[in-house]
Amino acid sequence: MYAFEFERPTTVDDAVKALASEDAQALGGGQTLIPTLKQRLAAPETLVSLGGIAEMKGVCIGDSGEVCIGGATSHATVAAEAGQYPALAELAAHIGDPAVRNRGTIGGSLANNDPSACYPAAALGSNATIITNKRDIAADDYFQGMFTTALEEGEIITEVRFPVPEKANYQKFVQPASRFALVGVFVAKYSDGVRVAVTGASEEGVHRWSEAEEALSADFSADAISGLSVPADGLIGDLHGTPEYRAHLVKVMTGRAVTASA
Amino acid sequence: MPKDGGIGASSKRREDVRFLTGRGRYTDDININNQTYVHFLRSDVAHATIKGIDTSSADAMPGVVRIFTGADFEGIGSIPCGWQVTDRHGEPMQEPAHPVLAQGKVRHVGDPICAVVAESLEQARDAAEAIELDLEELPAVVDMKAAVADGSTKVHDDLTSNLCYDWGFVEENREAVDEAIKSAAHVTTLELVNNRLVANPMEPRVAVGDWNAGTDDYTLYTTSQNPHVIRLLMGAFVLGIPEHKLRVVAPDVGGGFGTKIFHYAEEAFCTFAAKQVGRPVKWTSSRSEAFMSDAHGRDHVTKIELALDADNNFTALRTETYANMGAYLSTFAPSIPTWLHGTLMAGNYKTPLIYVNVKAVFTNTVPVDAYRGAGRPEATFQLERVVDKAARELGVDPIELRRQNFITEFPYATPVAVEYDTGDYHATMDKLAEIGDLSGFEARLEESKKRGKLRGLGVNCYIEACGIAPSNLVGQLGARAGLYESATVRVNATGSISVMTGSHSHGQGHETAFPQVIAEMIGIDESQIEIVHGDTATSPMGMGTYGSRSLAVGGSAMVRAAEKVINKAKKIASHLLEASEADIELKDGQFTVAGTDKSVAWGDVTLAAYVPHNYPLEEIEPGLEETAFYDPNNFTYPSGAYCCEVEVDPDTGKVTIESFAAADDFGNIVNPMIVSGQVHGGLAQGIGQALLENCSYDENGQILSASYMDYAMPRADDVPFYEVDHSCQTPCTHNPLGVKGCGEAGAIGSPPAVVNAVVDALQRAGKDVTHIDMPLTPGKVWAAMNG
Ligand SMILES: Cc1cc2nc3c(=O)[nH]c(=O)nc-3n(C[C@H](O)[C@H](O)[C@H](O)COP(=O)(O)OP(=O)(O)OC[C@H]3O[C@@H](n4cnc5c(N)ncnc54)[C@H](O)[C@@H]3O)c2cc1C
């Protein structure tokens, strides 16, 4: 680790100010950033912890029934308190291990946008709104390729709002070493249609599978996608799976998510 | 009735109290006043010429004490190899130099180039970043077969090729084996890979070097399984420090699995540099460094052929293996694919003719050496896979084919130079059938089918050679060390006992099990006995712990020393009791005169030894302390039968282990609970190898699985609850305890059971799959299932 300054503001405003200084970086739960620092792969001058900002923590229900999660809320809190959206709580309950869930935050996960992370699938699959200190961003506009998002320098995710679907489920097929998603599929059925978001599979990061969405919007059953196939082009190939295998898993996991949707 | 003490009791592991409450004292807990920290700048490429190293800016960085390069080690010895293998033609293996810091070339990712000694670790790392390296990359040698093809880039320019040796065993059998295979009724052939593993002990390696300016004495604190071996290798071969001026301490060590046997460059560096900078020097490996600097394990590519006659009797076996040595020869590397592998190829079977060919190959990868089982898992895996494949080809029951070919008479001289003293392979197979409920398999298969899962059953046997090893024999085979063990039994005045052993415990539970033996012999409470180990200053010269040798060899030395103590104590007792020595009996801590009610307690005799007022001083010396060295006259041969049931998800290829049973014959058992624990740990590592673990290199020699993000370690939910049994006991015939060793069995016997089970599941589902290389990841199984 290189030496850095450390700040722990208690309001979003103070955090935004602190982040305006050169080479300052936000620190959520540190579950991605701290290992990066330890390997000396990043060298921020100042770390601005968001952990002391009470207004960014916790789960509540919004005016139109959406589940609103503060940007600095831990995975463990979401698992325990987002019971209004069971598929989301369940997803949070299976991120990493207890230490990761107690430290890691939804804001950190979405800001990082790891191509194998779980929350991006939930956010895109639910068309959640990502609220920052500056603006509201629809999930469809937010994810811009692996490790890339619509966030600007110094912009903080303060809250994420999830409209609650009729039915939803997340199926995660774990990569055996990291236990991130080798392929994860989030399926959510809303009154106006079905959304299917896929993580772990694509070199472009989290994305929607529109053919499946169409088929499932017409008939919400695993059979509805049996005739579809996922092209392997552009999918990730690594030690843990070829693009062909990932393509196959996308379909299998989608079917399972539909079947398991509650 | 289970005993509550002594041999056979499941005494609780006393060392666990400190390990589990954070009170262990590991090498990294040792901090010496005024110590400095070293950070190694390691190669990030697999193969390159070092054109230049400019440390001028780095030297001026804050906190830098001194920066060392290979040039500082001119005239210093090379990291030695402890075993010389002789090839098929009677020539010695090719043995390259292994400098402490790279000289001229770097040969693997992780090869240390510079060592920055500084006031703090962070300052050392900062300065390392300011070093300017000029490396001219060379093509990386990674694939073994390509490495030995004509025209390959050489890992070592001064060797004739990348072939370390081409070993044939038994060379005289070569033609007879070829003939037998040609004329066989059936030959089953299998080509397979034994995947490269990283040992991953929980505690990474650490070294602290200290030099006493007043006395010119050196002390090295290190994470080692064998401190005396390190003292000898480093003192005599690398740094030229006489043993009486060098102390090596291996305190609590958090797991070794073989990878902490070897003498490493970092140990030599810290010891050497401590004098150079006049201050203690400490190195603590990061986990990332461990992946690229701890010796790896396995990494064989093998073709095996099993010949059978028309009645399905095994008639001959031929194997050809490429064994990866990595870039340099680690301490015992050459012996692993040869003497610890070729000699085990008979397995449990009376195959009359065997020929083993091993080509050891240098590549631009981390050195490969012993890892739990060391050679024996590789032998067992190929043999038990080919036997299974043969059964399937011939349409016979895999268990029956094994039984038909079992060795049943002992002692049995195999055609690969070893003589099994005892064993009962039918007994362990019978026991397996019982504890693994093999007759209930069909019902479980149906139940799995109902849930849409493919179920398979894999069975295999194993034999291993433990209790390493008779010194005169290994000397003939090229070992540059003896493999006896030592112990000093020091009886204190009040009767308590300290045993200084050359064995080293790094998780095995010696501090509990060894006292059980002494307690049994004397009849005192285990709590009166303490085991002292891990320090060359306190223990007699010993060879350390590996090869499941501690109880069989170290325990035997302890028994011999205790016998000497008891004999002397009897003399003292006979004096105190005014009886003839021949009439003195020791039982339950009391010396009695046979046939009388006269007795004297253990503690009174020991007190008399140290307060010799009423004592036969003209006949015997005061004091009660004896040392013994024990050199075994054969290996021990644990054996067993294992079975595994798996389910395969046909949609994803994911394998889950539904059950695993192990019936082992370890001979006599001192502590059944510890033995079960050893088997459990071995099974987890074997299952890890079969399903999860893989150290993978790309064609440029970069490690693709260099962290836990990509190197899959087995976790609790990857393994089932095990059924383990060790009630089949054919005691070893040649050591005083009749024990065989249990530390490696689980890791040796389990990989073939898992792979056999998966192949069984797929074949039952009508898939034309005869083999899948480990690890059986979901992606690989799915690909195999789908052609
Ligand atoms: C062992 C392990 C296992 C894991 N397994 C999984 C898994 O299975 N699935 C999964 O999805 N994830 C997994 N993770 C990742 C985990 O969920 C992390 O918590 C998450 O990716 C990052 O969140 P964080 O709060 O720790 O962010 P940090 O590490 O603190 O920060 C990550 C990045 O986000 C930025 N940032 C943090 N908070 C905000 C914010 N509110 N607004 C804007 N930018 C912000 C930081 O500046 C930094 O660039 C795992 C991590 C570990 C260590």
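None of the values given here were measured: they were computed from a predicted structure. (Residues numbered from 1 in each chain as written. Chains lettered and ligands numbered in written order. Predicted model: local features only at pLDDT ≥ 70, side-chain atom pairs only at ≥ 80, totals over all residues.)

## Description of the overall build of chain B
No. 1: Within chain B, the regular secondary structure consists of 19 helices and 28 strands.
No. 2: Its C-alpha atoms give chain B a radius of gyration of 27 Å, within 12% of the compact-globule value 28 Å for 787 residues.
No. 3: By the burial criterion, 57% of the 787 residues in chain B qualify as buried.
No. 4: For chain B, the proportion of contacts with a sequence separation of at least 24, taken over those separated by at least 6, is 80%. (Helix = DSSP H or I, 4+ residues; strand = E, 2+ residues; numbered from the N terminus. Rg over C-alpha atoms; globule rule 2.2 N^0.38 Å. Buried ≥ 20, exposed ≤ 12 C-beta atoms within 10 Å, placed from the backbone. Contact = placed C-beta atoms within 7 Å.)

## Here's the deal with the overall build of chain A
No. 1: Counting its secondary structure elements, chain A contains 10 helices and 12 strands.
No. 2: Over its C-alpha atoms chain A spans a radius of gyration of 18 Å, differing by no more than 12% from the 18 Å that the globule rule assigns to 262 residues.
No. 3: Referenced to the eigenvectors of the C-alpha coordinate spread, the extents of chain A come out at roughly 55 × 45 × 30 Å.
No. 4: Out of the 262 residues belonging to chain A, those deemed buried represent 48%.

## What about the interface of chain B and chain A?
A common way to report how large an interface is uses the accessible area buried once the components associate.
No. 1: Contact with chain B, which involves 15 residues of that partner, is made by 12 residues of chain A.
No. 2: Among the elements that take part in the side of chain B that touches chain A, helix α19 (residues 778–785) of chain B stands out by supplying 3 residues, more than any other.
No. 3: Taken together, the residues of the side of chain B that touches chain A sort by class into 8 nonpolar, 5 polar and 2 charged. (Nonpolar A, V, L, I, M, F, W, Y, C, P; charged D, E, K, R; others polar.)

## Considerations on the confidence of the model for chain B
No. 1: When pLDDT is averaged along chain B, the result is 97; 100% of the residues meet or exceed 70.
No. 2: As scored by the predictor, the complex reaches a pTM of 0.97 and an ipTM of 0.96. (pLDDT = per-residue confidence, 0-100.)

## What to know about the sheet that holds strand β9 (residues 167–174) of chain A
Hydrogen bonds along the backbone pair up the strands of a sheet, which may run parallel or antiparallel.
Residues and elements named next belong to chain A.
No. 1: Reading across from one edge, β9-β10-β11-β12 is the order of the 4 strands in this open sheet, with antiparallel pairing throughout. Of all the strands in the sheet, the pair left with one neighbour each is β9 and β12 (207–208).
No. 2: Pairing of strand β10 (residues 181–190) with strand β11 (residues 193–199), which is carried by 7 bridges, proceeds in the antiparallel orientation. Along β11, the bridge assignment pairs tyrosine 190 with glycine 193.
No. 3: Strands β11 and β12 of the sheet are contacted by helix α9 (residues 210–218), whose axis makes an angle of about 150 degrees with β11.
No. 4: Set on the sheet, helix α10 (residues 243–260) makes contact with β9, β10 and β11; between it and β10 the angle comes to about 40 degrees. (Pairing = 2+ DSSP bridges. Axes fitted to C-alpha atoms, helices over the stretch in contact; angles between N-to-C directions.)

## Notes on helix α16 (residues 602–610) of chain B
Residues and elements named next belong to chain B.
No. 1: For α16, every residue scored as buried is listed here: Trp602, Val605, Thr606, Ala608 and Ala609. For α16, the angular spread of buried residues about the axis comes to 155 degrees, placing them on one side.
No. 2: Looking at the packing, one finds that the buried side of α16 touches β19 (485–491), α14 (510–522), α15 (550–577), β23 (590–593) and β24 (599–601). (Arc of directions from axis to C-beta.)

## Details of the site of the ligand
All names here are of chain A.
No. 1: Taken together, the neighbourhood of the ligand is formed by 31 residues, with Gly28, Gly29, Gly104, Gly107 and Gly108 sitting nearest.
No. 2: Contributions of two or more residues to the shell around the ligand are made by β2 (24–27), α5 (98–103) and α6 (106–112).
No. 3: Broken down by class, the residue content of the shell around the ligand amounts to 14 nonpolar, 14 polar and 3 charged.
No. 4: Viewed by domain, the shell around the ligand spans two of them, domain 1 (5–48) and domain 2 (55–162), each represented by three or more residues. (Near = placed C-beta within 6 Å. Domains from an automatic or database assignment.)

## What about the sheet that holds strand β7 (residues 136–138) of chain A?
All names here are of chain A.
No. 1: In space, the 5 strands of this open sheet follow the order β4-β5-β8-β6-β7, with antiparallel pairing throughout. Looking along the sheet, the strands with just one partner apiece sit at the ends: β4 (59–61) and β7. Looking at each pair of strands side by side, their axes are set apart by 25 degrees on average, direction ignored.
No. 2: Sheet analysis places β4 next to strand β5 (residues 67–70), joined by 3 bridges and oriented antiparallel. Counterpart to isoleucine 61 in the pairing with β5 is valine 67.

## Observations concerning the pairing of β23(B)
Residue and element names in this part refer to chain B.
No. 1: Here 4 bridges tie strand β22 (residues 584–587) to β23, and the two strands are oriented antiparallel to one another. Residue pairing in the sheet places lysine 587 in a bridge with glutamine 590 of β23.
No. 2: Between the end of β22 and the start of β23, which pair antiparallel, lie 2 residues, with aspartate 588 showing a positive phi angle near 50 degrees.
No. 3: As defined by bridge partners, β23 adjoins β24 across 3 bridges and the pair is classed as antiparallel. Each residue of the ladder has a partner; that of threonine 592, found in β24, is serine 599.

## Examining α19(B)
No. 1: With 6 of its 8 residues buried, α19(B) lies for the most part within the structure.
No. 2: Taken together, the buried positions of α19(B) are B:Pro778, B:Gly779, B:Lys780, B:Val781, B:Trp782 and B:Ala784.
No. 3: Those residues of α19(B) that are buried lie in contact with α10 of chain A together with β26 (639–648), β27 (655–665) and α18 (745–764) of chain B.
No. 4: Where α19(B) ends, the next residue or the one after it, B:Gly787, has phi of about 65 degrees, a positive value.

## Regarding the nonpolar core
Residue and element names in this part refer to chain B.
No. 1: Counting 323 residues, the largest nonpolar core has Val38, Cys114, Val116, Val361, Val754 and Val758 as the members making the most contacts within it.
No. 2: Here this core takes 14 residues from α15, the largest share from any one element.
No. 3: Those residues within four positions of cysteine 114 in sequence are excluded, and the remaining contacts are Leu41, Ile53, Thr55, Ile67, Phe68, Thr69, Leu101, Ala128 and Ile131. (Core = buried A, V, L, I, M, F, W, Y, C linked by C-beta atoms within 7 Å.)

## So, the domain arrangement of chain A
Residue and element names in this part refer to chain A.
No. 1: Considered domain by domain, chain A is made up of domain 1 (5–48), domain 2 (55–162) and domain 3 (167–260).
No. 2: In this structure, domain 2 and domain 3 have C-alpha centres spaced 19 Å apart.
No. 3: For the side of domain 2 that touches domain 3, the secondary structure elements donating two or more residues are α4 (86–93) and α7 (119–125).
No. 4: Sort the elements by how many residues they give to the side of domain 2 that touches domain 3 and α7 lands first, with 5 residues.
No. 5: The residue makeup of the side of domain 2 that touches domain 3, split by class, is 11 nonpolar, 7 polar and 1 charged.

## With respect to the environment of B:Ala753
Residue and element names in this part refer to chain B.
No. 1: In this fold, alanine 753 is placed in helix α18.
No. 2: C-beta crowding within 10 Å serves as the criterion here: with 32 such atoms nearby, alanine 753 is assigned to the buried category.
No. 3: The spatial distance from the C-alpha of alanine 753 to the C-alpha of glutamate 464 is 16 Å, given a sequence separation of 289 residues.
No. 4: Aside from chain neighbours lying at most four places away, what touches alanine 753 is Gly458, Val459, Asn460, Tyr642, Cys643 and Cys644.

## Things to note about the domain arrangement of chain B
Residue and element names in this part refer to chain B.
No. 1: Split by domain assignment, chain B resolves into domain 1 (15–22 + 484–630), domain 2 (31–138 + 205–284) and domain 3 (300–469 + 634–785).
No. 2: For domain 1 and domain 2, the distance between their C-alpha centroids amounts to 39 Å.
No. 3: With 14 residues of domain 1 at the contact, the number on the domain 2 side is 17 residues.
No. 4: Taken together, the residues of the side of domain 1 that touches domain 2 sort by class into 4 nonpolar, 9 polar and 1 charged.

## Some words on the environment of A:Thr158
All names here are of chain A.
No. 1: Tracing the sequence through the fold places threonine 158 in strand β8 (residues 157–162).
No. 2: In this structure threonine 158 comes out as buried when scored by C-beta crowding, with 21 C-beta atoms within 10 Å.
No. 3: Between the alpha carbons of threonine 158 and aspartate 14 there is a distance of 13 Å; along the sequence they are 144 residues apart.
No. 4: Once residues within four sequence positions are removed from consideration, threonine 158 is found in contact with Val12, Met56, Gly71, Ile131, Thr132 and Asn133.

## Here we look at the pairing of strand β5 (residues 112–118) of chain B
The side chains of a regular strand alternate, first on one face of the sheet and then on the other.
All names here are of chain B.
No. 1: The buried fraction of β5 is high, at 7 of 7 residues.
No. 2: Note: strand β1 (residues 36–42) against β5, 6 bridges, orientation antiparallel. Residue pairing for β5: arginine 42 is matched across the bridge by proline 112.
No. 3: With 5 bridges joining them, strand β3 (residues 64–69) and β5 adopt antiparallel strand pairing. Counterpart to isoleucine 67 in the pairing with β5 is valine 116.

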